[in-house]
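Fold and contact review
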2 protein chains.
Amino acid sequence: MKPDVIIVGGGLIGLASAWKSRIKGMAVTVVDPHFGKGTSHVAAGMLAPVTEAHYGEEEVVRINSASAAMYPSFVEELEEASSQQVGYRDTGTLVVAGDPSDRAALTELVEFHQSLGLDSEWIAPTEARRLEPSLAPSIAGAILAQGDHQVDNRRLISALIEANRRAGTELITGSVKEFEVSKDKLKGVLLDNGARLESDNFLLAAGVWSNTIPGIPEPVQPTVRPVKGQSARLHFTSASHSQGAIFPRYTLRALVKGVHVYMVPRESGEMVLGATMEERGFDTSVTAGGLYELLRNARQIFPGITELELSETIAGLRPATPGNLPLLGASGIPGLTIATGHGRNGVLLTPLTAEVISDYLTKGELSWVLEVCSTDRYKQDAQSG
Amino acid sequence: MKPDVIIVGGGLIGLASAWKSRIKGMAVTVVDPHFGKGTSHVAAGMLAPVTEAHYGEEEVVRINSASAAMYPSFVEELEEASSQQVGYRDTGTLVVAGDPSDRAALTELVEFHQSLGLDSEWIAPTEARRLEPSLAPSIAGAILAQGDHQVDNRRLISALIEANRRAGTELITGSVKEFEVSKDKLKGVLLDNGARLESDNFLLAAGVWSNTIPGIPEPVQPTVRPVKGQSARLHFTSASHSQGAIFPRYTLRALVKGVHVYMVPRESGEMVLGATMEERGFDTSVTAGGLYELLRNARQIFPGITELELSETIAGLRPATPGNLPLLGASGIPGLTIATGHGRNGVLLTPLTAEVISDYLTKGELSWVLEVCSTDRYKQDAQSG
C-alpha cells in the first residue's frame, strides 16, 4: 500500500514533519541513509530568536520567535510520546563583547533588538560576571537575552525517531538515487538498493542535499547551498574541576575582534563549541586553523575552557538560502512539497516547520509562514525587479 | 612447554626485544592487552640524538647516539623480515627559534651540542627558509641537525608484530594480573583470563605500567612515572594545497617563547604535532588548552598548518625516570629482567635496547649500556651519597 506521504530526509525537519503528519492521520514513510546524522547531528541546539536576529531580517525574526514560543509545548509532547528527555534548558544566553570595539557593535545590536520588541538588554562587565562567574575579567560587557534557550539536538533526534516508531511512521534506511517525474508530476523515488517507492505526496526535507538528487527539473530545485561549520564537543570532568575551572550556566555567545563564537553548556557537563562559517562546498573536514580560531576566541571569554576535555571535533553543512529564510511549501511540481533551507536556525524552527508542513500536507492548509517562506519568492522578486 | 622467556609488554621495546631474542634462538612469548596501542602508538617517531641532547645528560646522549647509528641496519633487517615499510626518513631536523629570546637559548644549545661533537649548526632565518620554505618569515633562526631522522612509529609496530609472527614468537593478548614470586624468584605470571604462564626468564617491558602490576616487591619495582603528552595528527590534503599551504620536508622542532613544540611530516602527507609535558598521573585526556597551545605555537613557525586537516587528537604517557636514562637489565630478583623507562626516547632507543637485552637474555652478556642504565643505579647513588 502506498503511504500518504514519503519524506526524503530524516534530519530534525523531516522527522518532526513526519511525526506531526502521522499524528494528524497520514500514513508516513521517511527515507534517509543515516537518520539524524547530518546537519542535525553537528548542530549545537541553540534556540536563539533574539541573538540570531540580524539587521534586515525581520521576517526571519518573526518565524524564529513563533517557533521559540512553541518549543516548551513541543518538547513536553515529544518527551511524553517518546519517553525520552531532550535536554530543553531555559537558562538564557549572554552575548559577550571581547573588547571595546566588539562592545560598540553589540550595544548597537541591542538597540535593534529592542526596536523589534525583543527581550534584550545590555549589561556591564561586573553584572555579567555576577550572573556568570566563569567569564573572563577582561570582557567589555554583554547582551543578556533571557528568552534564548537551548535543547540537546542529538537527544531531540533520538526522541523524534522513537516517537515516530511508536506512532507507526515507516523509517527506511536508504539513499534516494532519483526522483521520477512524469507528465510534470512526481510519481516516485528510486532507492540505491533498487527499490521504488510510490506516493501521491512527497516532502523534500534533505537539507543541504535537497538539490543534489537527480530528477527534479532545475527551476524547481530549492536554492540551498552548504555553509560549513566546524565545531567541537568538550566535557567538564573531575580533572577540570580540580584545575579550578567553573562550568558556565548560561549559553555563551561572543564577538571577539569581530568574530563570532559560541559555547553551549549542557547539564551533563558537555559543552558545544562552535562554529566557523565557510563557503567550501560539501567539504566537511575539520582543519587545524578552524579549531584553533574557535579555541582562541572562546578562551578570551571563558578562560576555563582550557581545562575541559576535548572529546569530539566535527564539521557540518548548514542549508543556507539567499535572505536566510527557509523554503517551505509547494514546489511548483504537483505532489512535491519542500521543507529545507533552514540555515543556522534548523533546530529552532523544527516545531513551527513540522506544524505548518503537516497542516499543509494533511489539510492543504496555508499559513502566513508558508507565504513568507514560499519557494517561489525568488521568482517573484525577479518579476517585480 | 615453557618458553625460554616471557615478555610482559608488547610495545616497541617488548616487541623488538622479543624479535631479537627469537632470532638469537630463544622460545619467546609476549603478553599485552593491546599490542602496540600504548605509548608507542601515541609517539611521533622522531629519532633525535642531537635535538634531544640536554645539559647534564651526556650519558643519555651517548646511548641515543649509539641507537641512532643502528637505525638504518635495524630498519633494513626489519623491513626484510616483515615485508613491510616503516617510513624511515633521513631528511634532518630544524629546531626553529620563535623570537630573539628563543634564539638566545638555541644558540647556547648549539654550543653544547658541538662541545659533545654532535652534528649541529646554527643557521640564519633566510638560510632556514631557503632549506624549508614552509617556515614563517618571522622566525629568528634555527638549529640544523642533519643527523636527526624519523620513522613512522605505527608502521614500526606493525612490522615488528609481523616479524615476530614470522619468526615464531608467541603473542598472547591479555593482561598480566599478578607476578608470582616465590622464594625470591619470579616463577610465573597470572593473566586476567585465569591462565598462568611459567618460565625461567621474564622481561618486564610494560613502559609506564611497569610498576603497576602486583607481585614484585617494592624495592625491585622500576622507578618510572607517567609524563603525559598530548598530540595531534594532521593531514595535508588537496584542499590544503589549494589554500596555498606548503608541506614541510624537514622535521620541525621549535622553541616558541620558551615552550617546545614539534611537527613531524611524513611522506604520506601526515603530520604529527606534539607534545605537551604534563605530570598528571595516568590521565590521558586531551584538553582544549593542551591542543590550543600546540596549535598556537606550531603556527608561529609553520603558518600553513592552519590549512591542514585535523584527523586525530590523542594523549600518551611517557615512562620517565629520574635522570632520563632507561632502566635496563637485572632487576634484583632472579628470573626478572627489566627494560623500561625510555621516557621521550623510546622509539629511538628501540634497536639498542633490543640488542643489549637480547644479548643479555640469550648469553648473559653485559655491555656498557646495561652498566649505564643499571636498575640499581639509584641505590648506588644513595649509598655513595
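Residues numbered from 1 in each chain as written. Chains lettered and ligands numbered in written order. Predicted model: local features only at pLDDT ≥ 70, side-chain atom pairs only at ≥ 80, totals over all residues. Heavy atoms only, no water.

**Let's talk about the interface of chain B and chain A**
Between chain B and chain A, the residue contacts involve 21 residues of the former and 21 residues of the latter. In total, chain B and chain A occlude about 1,700 Å² of area from one another, counting both sides; carbon and sulfur atoms represent 62% of this. Area buried by chain B at its contact with chain A is led by Ala288, Tyr292 and Leu310 of chain B, which between them contribute 32% of it. The interface formed by chain B and chain A holds two salt bridges in total. Measuring nitrogen to oxygen at the nearest pair gives 3.3 Å for the salt bridge that ties Arg280 of chain B to Glu307 of chain A. On the surface where chain B and chain A come into contact, there are 10 residue pairs in polar contact (both at pLDDT 80 or more). Sorting elements by how many residues they give to the side of chain B that touches chain A places helix α8 (residues 288–301) of chain B first, with seven residues. Split into classes, the residues belonging to the side of chain B that touches chain A amount to 10 nonpolar, six polar and five charged. (Contact = heavy atoms within 4.5 Å. Buried area = accessible area lost by both parts, 1.4 Å probe. Salt bridge = Lys/Arg side-chain N within 4 Å of Asp/Glu carboxyl O. Polar contact = N/O pair within 3.5 Å; in protein donor to acceptor, adjacent residues only side chain to side chain. Helix = DSSP H or I, 4+ residues; strand = E, 2+ residues; numbered from the N terminus. Nonpolar A, V, L, I, M, F, W, Y, C, P; charged D, E, K, R; others polar.)

**Description of helix α8 (residues 288–301) of chain A**
Between its first and last C-alpha atoms α8 of chain A spans 21 Å; for 14 residues at 1.5 Å apiece the expected length is 20 Å, and the two agree. Of all the 14 residues making up α8 of chain A, 10 are buried; the element is thus mostly covered by neighbouring parts of the structure. (Expected span 1.5 Å × (residues − 1). Buried < 20%, exposed > 50% of the residue type's maximum accessible area, 1.4 Å probe, protein only.)

**Structural notes on the relation of the copies chain B and chain A**
Turning chain B through 180 degrees and shifting it by 0.0 Å along the axis lays it on chain A, with an RMSD of 0.0 Å. Those values place the two copies in the arrangement expected of a two-fold rotation axis. Among all residues of chain B, the minimum C-alpha distance to the rotation axis is found for Tyr292 of chain B, at 3.1 Å. Both copies contact each other with a shared surface, as 100% of the interface residues of chain B are interface residues in chain A too. (Least-squares fit on C-alpha atoms with pLDDT ≥ 70 in both.)

**Quick look at the pairing of strand β10 (residues 185–191) of chain B**
All names here are of chain B. Note: strand β9 (residues 176–182) against β10, six bridges, orientation antiparallel. Of the residues in β10, the one forming a bridge with Val181 is Leu186. Here β9 hands over to β10 after two residues, with Lys183 in that stretch at a positive phi of 50 degrees. The pairing of β10 with strand β11 (residues 196–198) spans three bridges and is antiparallel. (Pairing = 2+ DSSP bridges.)

**Some details on the side chain of Ser358 of chain A**
All names here are of chain A. If you trace the backbone, Ser358 turns up in helix α9 (residues 350–363). Here Ser358 falls in the buried class, since its relative accessible area comes to 0%. A polar contact of 2.7 Å, which involves the side chain of Ser358, links it to the side chain of Lys24. Reaching out from Ser358, the side chain makes a polar contact with the backbone oxygen of Glu355 at a distance of 3.0 Å. The contacts of Ser358, once residues within four sequence positions are left out, are Ser17, Lys20, Ser21, Lys24, Thr353 and Lys363.

**What to know about the nonpolar core**
Ranked by internal contacts, the top residues of the largest apolar core, which has 68 residues, are Leu94, Leu273 and Ile305 of chain A together with Leu94, Leu273 and Ile305 of chain B. Membership of the second largest hydrophobic core comes to 46 residues, among which are Trp19, Ile161, Ala205 and Cys373 of chain A. (Core = buried A, V, L, I, M, F, W, Y, C linked by side-chain atoms within 4.5 Å.)

**Examining the domain arrangement of chain A**
By a widely used convention, the size of an interface equals the accessible area lost when the partners come together. Residues and elements named next belong to chain A. One can read the domain layout of chain A as domain 1 (5–47 + 154–224 + 322–384) and domain 2 (93–146 + 226–320). Look at where the C-alpha atoms of domain 1 and domain 2 centre, and you get two points 31 Å apart. In this assembly, 18 residues from domain 1 lie in contact with 20 residues from domain 2. Between the two partners, domain 1 and domain 2, sit one salt bridge. Between Glu312 and Arg154 there is a salt bridge, and its shortest N-O distance comes to 2.9 Å. Remark: the boundary between domain 1 and domain 2 carries six residue pairs in polar contact (both at pLDDT 80 or more). Its residues assigned to classes, the side of domain 1 that touches domain 2 shows seven nonpolar, nine polar and two charged. (Domains from an automatic or database assignment.)

**Points about the environment of Ser138 of chain A**
All names here are of chain A. Mapped onto the elements of the fold, Ser138 is located in the loop between α5 (125–131) and β6 (142–145). For the pair Ser138 and Ile301, spaced 163 residues apart in sequence, the C-alpha to C-alpha distance is 7.9 Å. Contact partners of Ser138, with chain neighbours within four places excluded, come to Gly98 and Gln300.

**Points about the side chain of Asn164 of chain A**
Residues and elements named next belong to chain A. Mapping Asn164 onto the fold places it in helix α6 (residues 153–167). On the accessibility criterion, Asn164 (0% relative accessible area) is buried. Excluding anything up to four places from it in sequence, Asn164 contacts Leu15, Ala18, Trp19, Thr169 and Leu171.

**Quick notes on unusual backbone geometry**
Residues and elements named next belong to chain A. The step from Gly274 to Ala275 runs through a cis peptide bond, and the omega angle for that step is -25 degrees. With respect to the element layout, Ala275 can be found in the loop between β16 (270–274) and α8. Phi angles above zero are rare outside glycine, and Asp184 is one such case at about 60 degrees. Turning to its location among the elements, Asp184 is positioned in the loop between β9 (176–182) and β10 (185–191).

**Quick notes on the packing of helix α1 (residues 12–23) of chain A against α6 of chain A**
Geometry of a packed helix pair, given as the angle between the helix axes and the separation of the axes. All names here are of chain A. Here α1 crosses α6 at 30 degrees, and the two axes come no closer than 9 Å. Crossing of α1 over α6 shows left-handed handedness. On α6, the residues that touch Leu12, Leu15, Ala16, Ala18, Trp19 and Arg22 of α1 are Asn153, Leu156, Ile157, Leu160, Ile161, Ala163, Asn164 and Ala167. Of the residues contributing to the contact of α1 with α6, the split by class is 11 nonpolar, two polar and one charged. (Axes fitted to C-alpha atoms, helices over the stretch in contact; angles between N-to-C directions. Left-handed = near helix turned anticlockwise from the far one by under 90°.)

**Describing helix α4 (residues 100–115) of chain B**
Residue and element names in this part refer to chain B. Between its first and last C-alpha atoms α4 spans 23 Å; for 16 residues at 1.5 Å apiece the expected length is 22 Å, and the two agree. Within α4, burial applies to Asp102, Leu106, Leu109, Val110, Phe112 and His113. Down the axis, α4 shows its buried residues gathered within 165 degrees of arc, on one side only. In this structure, α4 carries Pro100, Glu108, Glu111 and Ser115 as exposed residues pointing more than 90 degrees from its buried face. The elements touched by buried residues of α4 are α3 (58–82), β4 (93–97), β5 (121–123), β6 (142–145) and β14 (251–256). The first or second residue beyond α4 is Gly117, which carries a positive phi of 80 degrees. (Arc of directions from axis to C-beta.)

**Section: the pattern of salt bridges**
Counted by the stated rule, this structure contains 48 salt bridges over all chains. Note that Arg344 of chain B is salt-bridged to Glu52 of chain B, the shortest N-O span being 2.9 Å. Of the two residues, Arg344 of chain B is situated in the loop between β19 (336–340) and α9 (350–363) and Glu52 of chain B in the loop between β3 (46–47) and α3; the sequence distance between them amounts to 292 residues. Using a relative accessible area of 35% as the deciding quantity, one classes Arg344 of chain B as partly exposed. Overall, Glu52 of chain B belongs to the buried group, its relative accessible area being 6%. Where Glu278 of chain B meets Arg280 of chain B, a salt bridge forms, and the shortest distance between an N and an O atom there is 3.5 Å. When its relative accessible area of 14% is taken as the criterion, Glu278 of chain B is described as buried. Among the charged side chains, a network of salt bridges with common partners joins Lys20, Lys24, Glu77, Glu355, Asp359, Lys363 and Glu365 of chain A.

**Side note on the packing of aromatic side chains**
Residue and element names in this part refer to chain A. By the definition in use, this model includes 11 aromatic pairs over all chains. For the pair Tyr71 and Phe74, a centre-to-centre distance of 5.9 Å together with 70 degrees between the ring planes defines the contact as edge-to-face. Of this pair, Tyr71 and Phe74 both sit in helix α3 (residues 58–82), three residues apart, roughly one helical turn. This pair shows no difference in class: Tyr71 is buried, exactly as Phe74 is. Their ring planes at 10 degrees and their centres at 6.1 Å tell us that Tyr71 and Tyr88 sit as a pair that is stacked. With Tyr71 in helix α3 and Tyr88 in the loop between α3 and β4 (93–97), the pair connects residues that are 17 residues apart, well separated along the chain. A relative accessible area of 1% means that Tyr71 is categorised as buried. A network of ring pairs unites the aromatic residues Trp19, Tyr71, Phe74 and Tyr88 as a single cluster. (Phe/Tyr/Trp six-rings, centres within 6.5 Å; stacked < 30°, edge-to-face > 60°.)

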